[in-house]
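Summary of the model geometry
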Amino acid sequence: MVTSDEQIERVRELVAAIPPGRVATYGDIAAAAGLSTPRTVGWIMRTDAADLPWHRVLGASGRPAAHLADRQLRLLAAEGVAVTDGRVTLRTARHRFD
């Protein structure tokens with residue numbers, strides 16, 4: 001399936017809307033954007049997110065990808081997100097999209 005420019009822009013808008021101190025999962029963003037899979041969000045984030053608060057996007061477990069973990073958790077902690085054993089508690093930090 002080809003990802004449209006509109007879908008890419010919607011994902012970018014959603015990521016940009018996550019406020020400091022909050023996080024969203026790839027699945028949260030996919031659902032809000034009307035995408036069929038969180039993997040599409042991951043692809044967009046890998047290719048077009050340098051100017052976005054990428055550190056506020058996590059996997060469904062609340063853990064960042066291993067290669068980003070130190071930096072991502074440090075950025076989140078600086079925003080006041082509680083991190084325990086390398087994981088964000090989604091129940092308290094998750095952003096809900098309208």
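Up top is the structure these notes are about.
What counts, and at which threshold
Residues numbered from 1 in each chain as written. Predicted model: local features only at pLDDT ≥ 70, side-chain atom pairs only at ≥ 80, totals over all residues. Heavy atoms only, no water. Helix = DSSP H or I, 4+ residues; strand = E, 2+ residues; numbered from the N terminus. Polar contact = N/O pair within 3.5 Å; in protein donor to acceptor, adjacent residues only side chain to side chain. Contact = heavy atoms within 4.5 Å. Salt bridge = Lys/Arg side-chain N within 4 Å of Asp/Glu carboxyl O. Buried < 20%, exposed > 50% of the residue type's maximum accessible area, 1.4 Å probe, protein only.

1. Description of the side chain of Arg94
Positionally, Arg94 belongs in the segment after α5 (90-93). A polar atom in the side chain of Arg94 sits 2.8 Å from the side chain of Asp28. Contacts of Arg94, omitting those with residues within four sequence positions, involve Arg22, Val23, Thr25 and Asp28.

2. Here we look at the environment of Ile29
Residue placement: Ile29 occurs in helix α2 (residues 26-33). Considered as a pair, Ile29 and Val41 are 12 residues apart in the sequence and their alpha carbons are 7.1 Å apart. The residues touching Ile29, leaving out its near neighbours within four places in the chain, are Val11, Leu14, Val15, Ile18, Ala24, Val41, Val57 and Phe97.

3. What about the pattern of salt bridges?
A full pass over the atoms with the stated rule returns six salt bridges. Linking Glu9 and Arg12 is a salt bridge whose minimum nitrogen-to-oxygen distance equals 3.9 Å. Of this pair, Glu9 and Arg12 both sit in helix α1 (residues 5-16), separated by three residues, roughly a single helical turn. For Glu9, a relative accessible area of 40% corresponds to the partly exposed category. Assessed through its relative accessible area of 15%, Arg12 is described here as buried. Where Asp48 meets Arg12, a salt bridge forms, and the shortest distance between an N and an O atom there is 3.6 Å. You can see Asp48 sitting in the loop between α3 (38-47) and β2 (57-58) and its partner Arg12 sitting in helix α1, a full 36 residues away along the chain. Taken together, the shared-partner salt bridges in this structure form one network comprising Glu9, Arg12, Asp48 and Asp51.

4. Here's the deal with the side chain of Arg56
Assignment of secondary structure puts Arg56 in the loop between α3 and β2. A polar contact of 2.8 Å, which involves the side chain of Arg56, links it to the backbone oxygen of Ile18. Sequence-distant contacts of Arg56, defined by excluding residues within four places in its chain, comprise Ile18, Pro19, Pro20, Arg22, Val23, Ala24, Gln72, Leu76 and Glu79.

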